[in-house]
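Here's the letter readout for the chains.
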Amino acid sequence: MHVVVTGALVEDGAILLVHRRPTKRAYPDVWDLPGGQVEAGESELQALAREMHEELGVHIVAESASRLGIVHDGSGEDAVHVGVWQIGDWVGSPVNRAPDEHDDIAWVGISELGGLPLVHGVLAAMVRSLPEFEYAPRHSGVTGWIQDDRGTKADCRACAGTDSSSGGVQ
C-alpha cells in the first residue's frame, strides 16, 4: 500500500491544484492537490511540510494544518491511502518547483471544480466541505463516508454525523 499526503491551500475562494503530467504512471493528465509519498519514519504532517516545500516552495505553518479526510483507492499492492489536509497558513508564494511531476499549477474557484478531471472525484466534495466554501456535500448511505462514481471511498470530517440520506457524491 502506498501512503500519500496532499494539502489544500485555499486563498480568496480558490484552491491551489497541480496538473499531473500525461506521462505519469499513476493518475496521468488529471488535476490533484499537491503532495506526495510519506517516507519511512515520517508522520503525515512532516511529509506534508516536506512535499509543500519541494513541490511549491512554501513553508506551511504546521499548527494551521488539520486533516480534512482520507481517500482509499485501489487494492493489493496498488492500493493508495491518501491523507488530505487543509493548510490554513503558509509562508511564500506557490510556484511549480516540480515540473517533472506537474506541467501546471492553478488557483481554481470552487465553481470550476466540477468541470475538471480530478485524480479522485471525492476531492471536489472534500474541498467543498471547507468552511471557506460553505457547501454541504451529498453523502453515501454510510455516515461519515462519501464515494465517487469510480468507487473511491473517502472519510471526510464534514461528513461525520450528518444526514446521509441524499445519495452519492455529484
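Quick notes on the rules
The residue count restarts for each chain, going from 1 along the sequence in the order it is written. Local features are withheld for residues below a pLDDT of 70 in this predicted model, meaning they are given only at 70 or higher, and side-chain atom pairs are given and counted only at 80 or more; totals for whole chains, interfaces and linings count all residues. Side-chain numbers come from the whole structure's heavy atoms, not from hydrogens or water. The predictor attaches a confidence to each residue, and that confidence, scored 0 to 100, is pLDDT. Each helix is a run of DSSP H or I of at least 4 residues and each strand a run of E of at least 2, with the numbering of both proceeding from the N terminus. When checking whether two residues touch, look at their non-hydrogen atoms; a contact exists if any pair is within 4.5 Å. The classification of residues rests on relative accessible area computed with a 1.4 Å probe and restricted to protein chains. Under 20% of the type maximum is buried, over 50% is exposed, and intermediate values are partly exposed. Only buried residues count toward a nonpolar core, which is a set of Ala, Val, Leu, Ile, Met, Phe, Trp, Tyr and Cys residues joined through side-chain atoms within 4.5 Å.

A. Structural context of the confidence of the model for the chain. For the chain, mean pLDDT is 79; residues scoring 70 or higher make up 76% of the total. Across the chain, the secondary-structure element scoring lowest on mean pLDDT is strand S10 (residues 145-147), at 39, and the one scoring highest is helix H1 (residues 44-56), at 97. Contacts for the low-pLDDT stretch residues 134-154, under 50 throughout, to residues beyond four places or in other chains number 73 contacts. Note on residues 156-170: pLDDT under 50 across the span, and 42 contacts to partners over four residues away in sequence or across chains.

B. Just unusual backbone geometry, in detail. Of note, the phi angle at Asp 12 is positive, near 50°, even though the residue is not glycine. Its location among the elements puts Asp 12 in the loop between strand S1 (2-11) and strand S2 (14-20). Residue Asp 12 is classed as exposed on the basis of its relative accessible area, which comes to 80%. Phi angles above zero are rare outside glycine, and Asp 29 is one such case at about 60°. Inspection of the secondary structure assignment puts Asp 29 in the loop between S2 and strand S3 (31-32).

C. Representation of the nonpolar core in the model. Formed by 23 residues in total, the largest nonpolar core has its most connected members in Ile 15, Leu 17, Leu 33, Val 71, Val 84, Leu 113 and Leu 123. Elements represented by at least two residues in this core include exactly S1, S2, strand S6 (65-73), strand S7 (80-87) and helix H2 (122-128). With 5 residues, H2 is the single largest residue contributor to this core. For Ile 15, the residues in contact, after removing those within four places along its chain, are Ala 8, Leu 9, Val 10, Leu 33, Ala 106, Trp 107, Val 108, Leu 113 and Val 127. Counting residues in each nonpolar core, the second largest holds 16 residues, with Val 5, Val 38, Trp 85 and Ile 105 among its members.

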